[in-house]
Amino acid sequence: MPFASSSSRPRFLRRAPDSDEESESSSSYSGEDDFEEDFPEEVVAEEERKEDTADEVAPGNRKRPPPITISLKKVCKVCKEAGHEAGFKGATYIDCPRKPCFLCKMPGHTTMSCPHRIAMEHGVIPAPVRNTNTALDYIFNRQLKAKIPKIKPVFVVPDQVDCGLIRFHSRRVTCLEFHPTKSNILLSGDKKGQIGIWNYNKQHERTIYGSIHSCIVNNIKFLPGNDAMLYTSSSDGTVSCTDVETGTTTLLLDLNPDGWNGAAAWKMLYGMDVNIEKGVLLVADNFGYLHSVDVRSNVQTGEPILIHKKRSKVVGLHCNPVQPDLLLSCGNDHFARIWDARRLDIESCLASLAHRRVVNSAYFSPMTGNKIMTTSQDNRIRVWDSIFGNLEYPSREIVHSHDFSRHLTPFRAEWDPKDTSESLAVIGRYISENYDGVALHPIDFIDTSTGKLVAEVIDTDVTTISPVNKLHPQDYLMASGSSRSVLIWKTRQEDWQTKKGQERNPKQFIFRTEKKSNGKNDSDSDGDSDIGCKGKQYKAKKRQGHFTKGDSKKS
DNA sequence: AAGAAATGCTCCC
DNA sequence: TGGGAGCCCTTTCT
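Residues numbered from 1 in each chain as written. Chains lettered and ligands numbered in written order. Predicted model: local features only at pLDDT ≥ 70, side-chain atom pairs only at ≥ 80, totals over all residues. Heavy atoms only, no water.

Going by an unreviewed UniProt entry, chain A carries the name Protein DAMAGED DNA-BINDING 2 and comes from Canna indica. In its Sequence similarities (unreviewed entry) section, UniProt records this for chain A: "Belongs to the WD repeat DDB2/WDR76 family." The UniProt entry for chain A carries this comment under Subcellular location (unreviewed entry): "Nucleus". (UniProt positions renumbered as here; feature names shortened; annotations may be inferred.)

What follows is the structure, encoded as structure tokens:
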């Protein structure tokens, strides 16, 4: 830095007793001389500036670049106060002690010492038990309880990467869907509006449709009985129907027919689901309204209906798998709501499930449709065990790190569609864990009936966060979207729980696509297939053959 | 290799 | 009731 030549050598240049390489790099600077001559006095240490500013600023209003301040004091980058530091130390993140716990959001402790982090049951908050003795309880006990399996099956967790397309998309992945009939086909949507189609058993059978949407694809859905067409909703305000084979697209709904009239007027479509009985596609927008499209005539039916707070985003819609007229919605007004689709108006809401923050997703359980699971930005997964019971409070709240970050696709806990006990859920984790010196973000499998963490799935090739995860409806595999990449995970073996330490099978392939900016093809050049940037230590460990997945993690 | 950008929700007035 | 500042574990590119 130019201060090196200024007449009075500032005292901060002296190497502090515990300082490291920072002052070295300062003095080695050989910057521009002009700058140095013109503004030598601008560069001052923080403490000195406080004393001198009055004299310096007063004479004239000479146009000057903003003063550069340099301090070697330890300053927390989170709360900006001195005396402590927060951030990564190696692969371990040190919390700012002045902020509430990053996991459970309660003050008085940090993430490391959070009781929910070390709890056996992964931080379940039991809800009060209420015996309401209503007619609904009677119906539940009489008609439904017997159908719920008593013995819990062994959970099967897809725990190792089988194959993947690194940087398949040009922006982060926002949604995933398996093809309903053609085995091995994965559909993926991204933030840019592109839709990827990939046969994950064949590395090179993949396509990107780039002109269906102009921004975030929020949903990809197939209609029962029609495996040729995919339906997509997007933040460009449209619903489209696309032929999987040809890519030809029909526009079904456009909420911005007059184009751009400013951000305040732009409508976006988030939640989407199909009411099979009625043959309608339901979509919800960022103004609190529900729209429906008849899928036989491909025209909009009825008027939009306000189902959440006006001008708030409705991010999720789900039709009950057993009773399609039962609709579940959720959104930015901190509520999840149950509706009778035959009578939709804001007064006829069957139940409003309150949350402390934005609700990212709300799903009925996949088989009986009798449970509800929601993911909220207050770092809690909530489960209601029976939609016929008392819905005032959830049956359980499971503390889990899936915070909001504007740079990430919102996390959504999803049911395992193959689990007959309707208790296994999958969700990506936001905060990292130090796995043998490498910070990784696992994909968590949670038994929602107990809150127990069944498995935390990692792969050393995946250093980025995986917010989008989809379990296959029939096969024991999972697709995940992590940054711009898509991956397929399979189970190591049937009884994976008992043979944890066994050797991994080699991956089929991880195909790394070209960097798009300069056209330089760096694939296969170095053999590294990291998809994140925290790779330094990881690469070093990998070269030494140091890293095995069975290793215990540090904590 | 440090820095900037992208950009959604909350809080506060 | 709304506009604007501010923001804790990102990821990518320069």
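S.K.: Please clarify how the overall build of chain A should be interpreted in this entry.
M.R.: Each helix and strand counted, chain A has six helices and 36 strands in total. Among the 555 residues that make up chain A, the fraction classed as buried is 52%. Considering only intrachain contacts with a sequence separation of at least 6, the fraction spanning at least 24 residues in chain A is 52%. For chain A, the accessible area works out to roughly 27500 Å², and carbon and sulfur atoms hold 51% of it. (Helix = DSSP H or I, 4+ residues; strand = E, 2+ residues; numbered from the N terminus. Buried < 20%, exposed > 50% of the residue type's maximum accessible area, 1.4 Å probe, protein only. Contact = heavy atoms within 4.5 Å. Areas by Shrake-Rupley, 256 points an atom, 1.4 Å probe, with all protein chains shown as cover.)

S.K.: Mind showing me how you'd approach the UniProt feature "repeat: WD" (unreviewed entry) in chain A here?
M.R.: As annotated by UniProt and renumbered to match this structure, "repeat: WD" (unreviewed entry) occupies residues 166-208 and 352-385. When the span residues 166-208 is considered, its composition is 0% helix and 49% strand, and the gap between its end C-alpha atoms is 14 Å. Between the C-alpha atoms that bound residues 352-385 the distance is 15 Å, and the span itself is 0% helix and 56% strand.

S.K.: What exactly am I supposed to notice about the nonpolar core here?
M.R.: One broad rule of soluble globular proteins: the nonpolar side chains tend to lie buried together. Within the largest apolar cluster, 17 residues are counted, with the highest numbers of intra-cluster contacts made by Ile443, Phe445, Val457, Met478 and Trp489. Only β6 (160-166), β28 (424-428), β31 (443-447), β32 (452-457) and β35 (485-490) provide two or more residues apiece to this core. No other element matches β32, which puts three residues into this core. Not counting the four nearest positions on each side in its chain, methionine 478 is found in contact with Pro158, Phe178, Val426, Ile443, Phe445, Asn469, Lys470, Leu471, Leu487, Ile488 and Trp489. (Core = buried A, V, L, I, M, F, W, Y, C linked by side-chain atoms within 4.5 Å.)

S.K.: So what exactly am I meant to see when it comes to the packing of aromatic side chains here?
M.R.: Centre distance and the angle of the planes are the two values used to describe a pair of aromatic rings. Following the criterion strictly, the structure yields six aromatic pairs and no others. Between the aromatic rings of phenylalanine 411 and tyrosine 430, the centroid separation amounts to 6.2 Å while the plane-to-plane angle is 40°, which identifies the pairing as tilted. Of this pair, phenylalanine 411 sits in the loop between β26 (396-399) and β27 (414-415) while tyrosine 430 sits in the loop between β28 and β29 (433-435), placing them 19 residues apart in sequence. Exposure remark for phenylalanine 411: the relative accessible area of 1% places this residue in the buried category. The ring of phenylalanine 287 has lysine 267 lying over it, and the distance from NZ or CZ to the ring centre is 6.0 Å. (Phe/Tyr/Trp six-rings, centres within 6.5 Å; stacked < 30°, edge-to-face > 60°. Lys NZ or Arg CZ within 6 Å of the ring centre and 35° of its normal.)

S.K.: Help me out: how do you make sense of the protein's contact with DNA strand C in this one?
M.R.: The full set close to DNA strand C counts 21 residues, and Tyr93, Pro100, Ser432, Ile465 and Ser483 are the nearest of them. For DNA strand C, the fraction of atoms within 4 Å of the protein that belong to sugar or phosphate moieties is 49%. In the environment of DNA strand C, a base oxygen lies 2.9 Å from a nitrogen or oxygen atom belonging to the side chain of tyrosine 93. A distance of 2.7 Å is found between a base oxygen of DNA strand C and a side-chain nitrogen or oxygen belonging to serine 432. (Near = heavy atom within 4 Å. Polar contact = N/O pair within 3.5 Å; in protein donor to acceptor, adjacent residues only side chain to side chain.)

S.K.: In this structure, what is going on with the pairing of β32? I would like to understand it.
M.R.: In regular strands, side chains alternate between the two faces of the sheet. As judged from the five bridges shared by β31 and β32, these two strands associate in the antiparallel manner. Residue pairing for β32: aspartate 444 is matched across the bridge by glutamate 456. Between β31 and β32, which pair antiparallel and follow one another directly, the connecting turn spans four residues, one of which, glycine 451, has a positive phi of 90°. (Pairing = 2+ DSSP bridges.)

S.K.: Explanation requested: the sheet that holds strand β9 (residues 195-199) in the structure shown.
M.R.: Sheet strands associate in pairs through backbone hydrogen bonding, adopting either a parallel or an antiparallel arrangement. The strand order across the open sheet built from four strands is β7-β8-β9-β10, with neighbouring strands paired in antiparallel fashion. Two strands bound the open sheet, and with one partner strand each, they are β7 (173-178) and β10 (206-209). With direction set aside, neighbouring strand axes in the sheet form an average angle of 20°. Pairing geometry for β9 and β10, over four bridges, is antiparallel. Note on β10: the bridge partner recorded for glycine 196 is isoleucine 208. (Axes fitted to C-alpha atoms, helices over the stretch in contact; angles between N-to-C directions.)

S.K.: Just to check I follow, could you spell out the side chain of aspartate 333 for this structure?
M.R.: Mapped onto the elements, aspartate 333 comes out in the loop between β20 (326-331) and β21 (335-340). Here lysine 309 takes part through its backbone nitrogen, which lies 3.1 Å from a polar atom of the side chain of aspartate 333. Non-local contacts of aspartate 333, meaning those with residues more than four positions away in its chain, are made with His308, Lys309 and Ser312.

S.K.: Help me understand the protein's contact with DNA strand B in this model?
M.R.: Surveying the vicinity of DNA strand B reveals the residues Lys191, Lys313, Asn332, His334, Arg357, Val358, Gln377, Phe404, Arg406 and His407. A breakdown of the atoms of DNA strand B within 4 Å of the protein gives sugar and phosphate a share of 56%. A distance of 3.3 Å separates a phosphate oxygen of DNA strand B from a polar side-chain atom of asparagine 332. The side chain of arginine 406 places a nitrogen or oxygen atom 2.4 Å from a base oxygen of DNA strand B. Within the surface near DNA strand B, the residues separate by chemical class into two nonpolar, four polar and four charged. (Nonpolar A, V, L, I, M, F, W, Y, C, P; charged D, E, K, R; others polar.)

S.K.: What exactly am I supposed to notice about the pattern of salt bridges here?
M.R.: Considering all chains together, one arrives at 22 salt bridges under this definition. Residue lysine 490 is joined to aspartate 162 by a salt bridge in which the shortest nitrogen-to-oxygen separation is 3.5 Å. With lysine 490 in strand β35 and aspartate 162 in strand β6, this residue pair connects regions lying 328 residues apart in the sequence. The buried category is assigned to aspartate 162, whose relative accessible area is 12%. Each of the salt bridges in this network shares a partner with another, and the network as a whole consists of Arg117, Arg429, Glu433, Asp444 and Glu456. (Salt bridge = Lys/Arg side-chain N within 4 Å of Asp/Glu carboxyl O.)

S.K.: Would you mind going over the state of the cysteines with me for this structure?
M.R.: Counted according to the given criterion, the structure contains zero disulfides. The cysteine cysteine 101 is free of any disulfide, with cysteine 114 supplying the nearest cysteine sulfur at 3.7 Å. There is no disulfide at cysteine 215, and the cysteine sulfur nearest it, in cysteine 175, is 12 Å away. Its relative accessible area of 22% is what places cysteine 215 among the partly exposed residues. (Disulfide = S-S within 2.5 Å.)

S.K.: Whenever I open this one, the domain arrangement of chain A confuses me. Can you help?
M.R.: A common way to state how big an interface is: give the accessible area lost once the parts meet. Looking at the assigned domains, one finds that chain A contains domain 1 (97-126) and domain 2 (157-542). Listed as interface residues are 13 residues of domain 1 and, on the opposing side, 17 residues of domain 2. Across the domain 1/domain 2 interface, buried area totals approximately 1400 Å², and carbon plus sulfur atoms make up 56% of it. At the junction of domain 1 and domain 2, the tally comes to two salt bridges. (Domains from an automatic or database assignment. Buried area = accessible area lost by both parts, 1.4 Å probe.)

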